[in-house]
Amino acid sequence: MRFGVLGAVEVWSADGETVAVGGPRSRALLAILLLNAGRTVAVRPLVEGLYGPGAPSGAAHALQSQVSRLRRRLGAAGETGDRLQFGPAGYLLLADPDDVDVHRCERLAGEGRRSLAAGDHEGAARLLGEALELWRGPALADVIDAPFAGEQAARLEELRLAVLQDLVEARLARGEHHDLAAELPEIVAAHPLRERLRGQLMRALYGSGRKAEALLVFEDARRTLAEELGVDPSPELGDVHLAMLRAGPAPAEAVGGGVPAQFTTFVGRDGDLERVRALLGERRLVTLTGPGGVGKTRLAVEAAGREQDEVRFVDLAAPADGTAVPQALINALGLREAGLVPSLSGPLDPVERLIAGLAERRVLLVLDNCEHVVAEVAALTRRLLAACRDLRILVTSRERLGITGETLHPVPPLPLDGGGHPAARLFADRAAAVRPGFLVGDANADAVARICRALDGLPLAIELAAARLRSLTLEEVEARLDDRFRLLSRGDRSAAPRHRTLRSVVGWSWDLLSRPEQALAARLTVFSGGASLHAAARVCGPSEGEAVELLADLVDKSLVEAGGGRYRMLETVHAFCAERLADDGEREQVRAAHAAYFLELAQAAEPCLRGPDQLEWLARLDAERGNFHAALHWAAAADPALGLRLLAALSWQGQLRGLPGERTAVAAGLLVTIGDEPPAGLEEEYTLCVAHAAAADNAHDQLLRDRLERLADQPLRYPFLRVLRFMMNGPRVDEETPADPWSRAFTSMESGVKSLFGGDRDTAEPALRAALAGFREIGDRWGILTVLKQLAGLADETESTALMAEAIDLAGRLGAVEDLTRLLVRNADRLTDAGRLLAAQAEYERAVDFARRTGTPETQAGALRGLADLARLRGELPAARDLYDRALRGCGRASMGAALTRYRILFGLGRVAEAERDADQARSCYRQALAIARAYGDLPSTAASAEALAAVDARLR
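Rules and cut-offs
- Residues numbered from 1 in each chain as written.
- Predicted model: local features only at pLDDT ≥ 70, side-chain atom pairs only at ≥ 80, totals over all residues.
- Heavy atoms only, no water.
- Pairing = 2+ DSSP bridges.
- Helix = DSSP H or I, 4+ residues; strand = E, 2+ residues; numbered from the N terminus.
- Core = buried A, V, L, I, M, F, W, Y, C linked by side-chain atoms within 4.5 Å.
- Buried < 20%, exposed > 50% of the residue type's maximum accessible area, 1.4 Å probe, protein only.
- Phe/Tyr/Trp six-rings, centres within 6.5 Å; stacked < 30°, edge-to-face > 60°.
- Lys NZ or Arg CZ within 6 Å of the ring centre and 35° of its normal.
- pLDDT = per-residue confidence, 0-100.
- Contact = heavy atoms within 4.5 Å.
- Polar contact = N/O pair within 3.5 Å; in protein donor to acceptor, adjacent residues only side chain to side chain.
- Axes fitted to C-alpha atoms, helices over the stretch in contact; angles between N-to-C directions.
- Left-handed = near helix turned anticlockwise from the far one by under 90°.
- Nonpolar A, V, L, I, M, F, W, Y, C, P; charged D, E, K, R; others polar.
- Expected span 1.5 Å × (residues − 1).

Visitor: Sorry, what's going on with the sheet that holds strand β13 (residues 561-563) here?
Guide: The strands that make up a sheet are held in pairs by hydrogen bonds between backbone atoms, and each pair lies either parallel or antiparallel. The antiparallel open sheet is built from three strands, whose spatial order is β12-β14-β13. If you trace the sheet from one side to the other, it starts and ends with β12 (531-532) and β13, each paired once. Examined bridge by bridge, β12 and strand β14 (residues 566-568) share two bridges and lie antiparallel to one another. Pairing of A531 across the sheet is with Y567, part of β14.

If you want it as structure tokens, here you go:
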């Protein structure tokens, strides 16, 4: 016999027939007993469950009658034995929990949740799906008016929603984004306050390539939560939102936390995959070695994609030398800098930034194509593993790193022997993609085996050969490969055999291309990180219509991969085609066209980055980050004037995204090439170049200040120069009102800040409110955020809370992680001052999490300092001292931000020492803090701080 409460209350006999159990009160009684199946229920809870707390005096007798009738009906269904028993403690329904739908659902839900946590997404989806299939409608649907039912029905609905959300999570992990994007909107509409469902819908839309719609879901959630509950989105939903804003516009090209998506099936490496996954579970540094084209990258991607920890993939094929390796890792990790102003943040060694960004963070780094920078990768890997205990690194390289702790896994070619061997399976899989229905059978198995053997079992070579079956027969492929290898065997024999094989088959594929296909394939090599269709057509020559056809042909022939609206080449094919471009003498011409195209794009984007389409343009520029980098490096050497213009056009994007570090070397090189004076008409561009160089070298500070003053009274083409002048030389007020709306809003802000610094709050506030109105009208989120931070300090408690909440939200939407972290700390400080310590704790902890993503130690120090303050206020002095000490280690740089954080830490340590009655230690801390306060005496409130410190010092003395 089976029982159900997940819907109407039902009983089914062993043969599946429905058993009549009586009217509403009998069904209600049965429901209570089923919810407690296997447990005795006392008489009083049963009576109250059926009749309510004010049950009539004869309710107990009525209960006995209901029990008797229910017992008879269960017995009439052919049951042997008495299922409904009575004892001294009450009534007991004997039933196997798995025969009661609610208990079976709870079991399946628990098992599914454990499978989900263990990474078994297939198993989780199956178990959770079974749990949901048990529901026939709203729980207790036909007894919902019984006194007990309302609370139980609400509990069971929570169970159903939890199972549903876990199932959605499993399906997201399986890549079912498109299906879920269609299913979830109706579910979210029914449960508009469920933030986890909102986040899952956002991820489904984003994974379907619908980023804009995903961001609108967040905006709707923020508005609904504010209107209905008066609260902001949870940190978890905010993290989903921030991750989307930071990840760029082409989610279809990435899975599993930064691992590149693959466009073909994974064939023939199951044993290698198991071995690599086992090594990653035991070792911190694993290197996959082998010749080009053997499948190292693909194996690494497959292994990393199955990891539960955060994964970051770094392609090191692009860096021209080892000095660019740390910056490539910084980019992959999404570590953001404060901007171009060295006096506020100070230069920071890239490796130190990496260590700060990776400390206490469980990450698997995949370093791909390391062979040409192997010495630099080895040195960097050694430092990172020593400093970051939770870091693991998976390397692919044609040679080992050769450092202590490295575990090697040589990746062999695919096996060639035995029926259905992996090489033949790969050939068949790729051949079927271009010739549907192709199978390896008795008639062609030998020919396929000979081809795979001739290609030494190299996966890339096999894929290229199989792709030719679109236009050639199997016999023609084999014959032409034989001819090709006989011809090449008379050539260079110094290369390793498998290297010769791979180059031979790539060359053979190249020779079979038409001339227009060859031209496009060669010219595509100037792109870094792939190309859009429009960019490929503009840079490489054919019309967009012709480019579509030619690119489709190159994709069919496995020379180009397509995904997310972009086209890219595998490194081995890229290297070969780049040589052909150099041989044709077109390389400089095409690279010049490439740089000109991306200069045009950057110049078109620059004014849009201060308006309502700011996020969309940032996302578009993010997608072309590799191409901008390549264009800058080429221009720095070949066309310095173009380099200056491109660097200037990208400066505001770099400020908003925190990217100056990757452009400082280019800027420094341009200054050396150009000299001390700018080219005619490029004074603003030259000044922005100096700003980039100053971000890494304080020696350029004075030059930057001087250049900014020279431009002070001129109309500016680049408004960012106004920001730099404000931050470097302090606020000033122009005598003439600027013509454009953005500059007018900025002037109002500058005026308000100047009044604020002078202590004139009455003048400052209206100026700042005018600036806020101006930036809102323009739609510039950066401007709004900047003014909100100032106004929050002037407003009353209620308005300040609202202003800070909006500022935090804007920082998240802009991906301004360092700003976001500082705002969270500031908000937590405000909550601490108000005595709301639990709320402050949550904000500080959130700030610590975001601070790890900045790679700037003093940002992390500020968040840790807040946690230390709370521990001190709670009287947890050893914990407070430990947190203060950790924070102090992170703010040793000679910068204003680090100094002010150090000041607050030392003040806190002094308070701890006072509480512990260690007068000497307290005096030492306060004196160090006082010295810092006096060193920065031109800042607001420093004088008051100095007086307070002096008073404490005198008291201790």
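Visitor: Even after reading the chapter, I still don't get the nonpolar core, so can you show me in this structure?
Guide: Most often, soluble globular proteins keep nonpolar side chains buried together rather than apart. In terms of nonpolar packing, the biggest core is built from 181 residues, with L394, F427, V505, L524 and F527 touching the most fellow members. Top contributing element to this core by residue count: helix α26 (residues 587-605), with eight residues. L50, Y91, V188 and L237 belong to the second-largest nonpolar core, a separate cluster that totals 78 residues.

Visitor: When you look at the packing of aromatic side chains in this model, what are you seeing that I'm missing?
Guide: For the coordinates displayed, the defined rule picks out 13 aromatic pairs. For the pair W742 and W782, a centre-to-centre distance of 6.4 Å together with 25 degrees between the ring planes defines the contact as stacked. Residue W742 is found in helix α35 (residues 741-757), and its partner W782 is found in helix α37 (residues 781-792); the two are separated by 40 residues along the sequence. For W742, a relative accessible area of 4% gives the class buried. Here the aromatic cluster, defined as three or more aromatic residues joined through ring pairs, consists of W652, F720, F726, W742, F746, F775 and W782. The ring of F576 has R580 sitting right over it, with the charged end atom 4.3 Å from the ring centre.

Visitor: Looking at this structure, I do not really get the confidence of the model for the protein chain. What am I missing?
Guide: In low-pLDDT regions, the fine details of the predicted coordinates are not to be read closely. Summary statistics for the protein chain give a mean pLDDT of 83 and a share of 89% for residues scoring 70 or more. Long-range and interchain partners of residues 938-942, a stretch whose pLDDT sits below 50, account for six contacts in this model, where long-range means more than four residues apart.

Visitor: Even after reading the chapter, I still don't get the environment of R39, so can you show me in this structure?
Guide: Residue placement: R39 occurs in the loop between α1 (24-35) and α2 (43-51). Counting along the chain gives 53 residues from R39 to L92, while the straight-line C-alpha distance between them is 6.0 Å. The contact partners of R39, leaving out residues within four places of it in the chain, are Y91 and L92. Engagement of the side chain of R39 in a polar contact is seen with the backbone oxygen of L35, the distance being 3.4 Å.

Visitor: Is there a simple way to think about the packing of helix α15 (residues 350-358) against helix α16 (residues 374-387) in this case?
Guide: Direction vectors running N to C along α15 and α16 enclose 35 degrees, while the axes themselves pass 10 Å from each other. Crossing handedness for the pair α15 and α16: right-handed. In this structure, α15 uses V351, E352, L354, I355 and L358 to contact α16, whose residues at the interface are L380, R383, L384 and A387. In terms of residue class, the contact of α15 with α16 is built from seven nonpolar, no polar and two charged.

Visitor: Just to check I follow, could you spell out α37 for this structure?
Guide: For an α-helix, the turn length of 3.6 residues means that residues three or four places apart are oriented alike. Here α37 contains twelve residues, and its C-alpha end-to-end distance of 16 Å stays within 8% of the 16 Å for a straight helix at 1.5 Å per residue. Here α37 lies mainly inside the structure; eleven of its twelve residues are buried. In this structure D780 caps α37, since a side-chain oxygen of it lies 3.1 Å from the backbone nitrogen of W782.

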